[in-house]
Amino acid sequence: MNSITYIANDRYAFEVAALTAILRAILDERIAAYPRPTEAYERVHVALRAARFVDLGEPRVIHGRVEPEHHGDLVEALATLEPDAATGTIEADQVKLTLAEVGAIFPESARPNAQEAVTALNL
């Protein structure tokens, strides 16, 4: 289980936009040229490592693939996102949902205030 991470709203928006653009480029290339399956994983891994808002730990090679020490499930989930059925591309909302569900990464604005936190603990 990942601990919850909150990052500044403007940085969160920037990182979501950057990841969305990368995933769209990967999708376009996958459609056009059918790159090898691990390429999407590697590119997402590099993008998350560059973003530095989640601790991926040390890189390691497992079965010929460079994998992060931590959050490999997040890298995998982002790398295997399917295009939105309505638009035919990767949407920012899909990236946000994956960051939240798999990585427990949220914008600062999603952090509960003190009253909400006390209420949640009392339930």
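Small disclaimer: the values here were computed from a predicted structure and weren't measured. (Residues numbered from 1 in each chain as written. Predicted model: local features only at pLDDT ≥ 70, side-chain atom pairs only at ≥ 80, totals over all residues. Heavy atoms only, no water.)

### Considerations on helix H4 (residues 92–101)
Side chains of residues three or four places apart in an α-helix project in the same direction, reflecting 3.6 residues per turn.
Phase 1: Every buried residue of H4 is accounted for by Gln-94, Val-95, Thr-98 and Leu-99. Considered in projection along H4, the buried side chains sweep an arc of 135 degrees and stay on one side of the axis. Summarising the geometry of H4, the exposed residues directed more than 90 degrees from the buried face are Asp-93 and Glu-101. (Buried < 20%, exposed > 50% of the residue type's maximum accessible area, 1.4 Å probe, protein only. Helix = DSSP H or I, 4+ residues; strand = E, 2+ residues; numbered from the N terminus. Arc of directions from axis to C-beta.)

### Describing the nonpolar core
Phase 1: Formed by 25 residues in total, the largest nonpolar core has its most connected members in Leu-48, Phe-53, Leu-78, Val-95 and Leu-99.
Phase 2: When residues of this core are traced back to their parent elements, those giving at least two are helix H1 (9–33), helix H2 (38–51), helix H3 (72–79) and H4.
Phase 3: With near-sequence residues (within four places) excluded, Leu-48 lies in contact with Leu-19, Phe-53, Leu-56, Leu-74, Val-75 and Leu-78. (Core = buried A, V, L, I, M, F, W, Y, C linked by side-chain atoms within 4.5 Å. Contact = heavy atoms within 4.5 Å.)

### So, the pattern of salt bridges
Phase 1: Applying the stated criterion across every chain, the model contains 3 salt bridges.
Phase 2: Among the salt bridges present, the one from Arg-11 reaches Glu-15, with a minimum N-O distance of 3.6 Å. Of the two residues, Arg-11 and Glu-15 are both situated in helix H1; the distance of 4 residues between them amounts to about one turn of the helix.
Phase 3: What makes Arg-11 partly exposed here is its relative accessible area of 34%. (Salt bridge = Lys/Arg side-chain N within 4 Å of Asp/Glu carboxyl O.)

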